[in-house]
Amino acid sequence: MLIDSLNKKQKEAVLHDKGPLLILAGAGSGKTRALTHRLAYLVKKRRISPLNILCLTFTNKAAEEMKGRVFKLLETKTSTQIPWMVTFHSICAKILRREIHYLGQGFTPNFSIYDEDDALSLIKKIMKDKRFDPKKFAPQTIRAIISNAKNELIGPRKFKNIAHRSNFEKISAKVYSTYERELRAANALDFDNLINKTIELFRIPKIIAKYQSLFRYILVDEYQDTNHAQYTLLKKLSQKHKNICVVGDDWQSIYRFRGADFRNILEFKKDYETAKIIKLEENYRSTGNIIGAAQSVIENNT
């Protein structure tokens, strides 16, 4: 049986029927195990088509590890059985390849995807063209400012209107506007664009309806690491069925530098009023001494 090896709380998470589910779990408590078993249970016991399940994580390595676990549970060796177990950027790229022409912004389905090196090179070129001193205004910092703005769904025009606190912000706003124009001219998107352009697409009623109907169940690993754009994407996709299951650790976030907002997990109950909350509190990775020492380090945290 799929649930025989699970503890009581893990079983509760796996067997949860419909509606929003928040699984709060620290490191070593078997949260990935609960998530992968839930996915396998939906397919094997509830007869939900894998085509209707979206499972999201943050890195390709994590996605591959989860696929391996699910394949073993489903006794299959082919990824075609679970086509939507992917990263946020991967699912957005796939959707954009199909639908980007609806934006009417000149992008075509064969758009290029700029990695961090490509993005930084373009920013350096723009700064050189505009004669902005890279020693005074570090291109890497300007790249980070633009990325953070995109993660907050702040476009170039709005950013220009609010960039008054320093010369660095004003310079960044000028670079940002040109950067987006240059990307469009090259039929290219950077990693941040993959998510915010998908959100733009989801403002088109027939497009969001299509993907809300497709993804009847949504599962998300490491939810505490979602930024505002990723949070918005999930909220739009889950609005119809509300069968969203998120797993995360409200004491841990490793992507703050990318705009991750741990408040997303703390406010899950506010976003989904009928949400069930399950806490996985058994630790399978650390001994009592290690847990005791770690607790003594953090027990005075606010």
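The structure this text deals with has already been given above.
This report concerns the structure included in the present document. (Residues numbered from 1 in each chain as written. Predicted model: local features only at pLDDT ≥ 70, side-chain atom pairs only at ≥ 80, totals over all residues. Heavy atoms only, no water.)

## Regarding the nonpolar core
Next up, step 1: If you look at the biggest cluster of nonpolar residues, it comprises 41 residues, and the most contacted ones within it are Leu54 and Ile91.
Next up, step 2: Among the elements that line this core, the one with the most residues is helix α4 (residues 88–99), at six residues.
Next up, step 3: When near neighbours in sequence (up to four residues on either side) are disregarded, Ile91 contacts Leu54, Leu56, Trp84, Val86 and Phe215. (Core = buried A, V, L, I, M, F, W, Y, C linked by side-chain atoms within 4.5 Å. Buried < 20%, exposed > 50% of the residue type's maximum accessible area, 1.4 Å probe, protein only. Helix = DSSP H or I, 4+ residues; strand = E, 2+ residues; numbered from the N terminus. Contact = heavy atoms within 4.5 Å.)

## Remarks on the packing of helix α9 (residues 191–201) against helix α11 (residues 228–237)
Next up, step 1: It is the contact of α9 with α11, at a shortest axis distance of 10 Å, that shows an interaxial angle of 35°. Crossing geometry of α9 relative to α11 is assigned as left-handed. Residues Ile195, Thr198 and Ile199 of α9 lie in contact with α11, whose contacting residues are Ala229, Gln230, Thr232, Leu233 and Lys236. (Axes fitted to C-alpha atoms, helices over the stretch in contact; angles between N-to-C directions. Left-handed = near helix turned anticlockwise from the far one by under 90°.)

## A look at the side chain of Asn196
Next up, step 1: With respect to the element layout, Asn196 can be found in helix α9.
Next up, step 2: Judged by relative accessible area, which is 10%, Asn196 ranks as buried.
Next up, step 3: Once you skip the residues sitting within four places of it in the chain, Asn196 turns out to touch Lys150 and Leu153.

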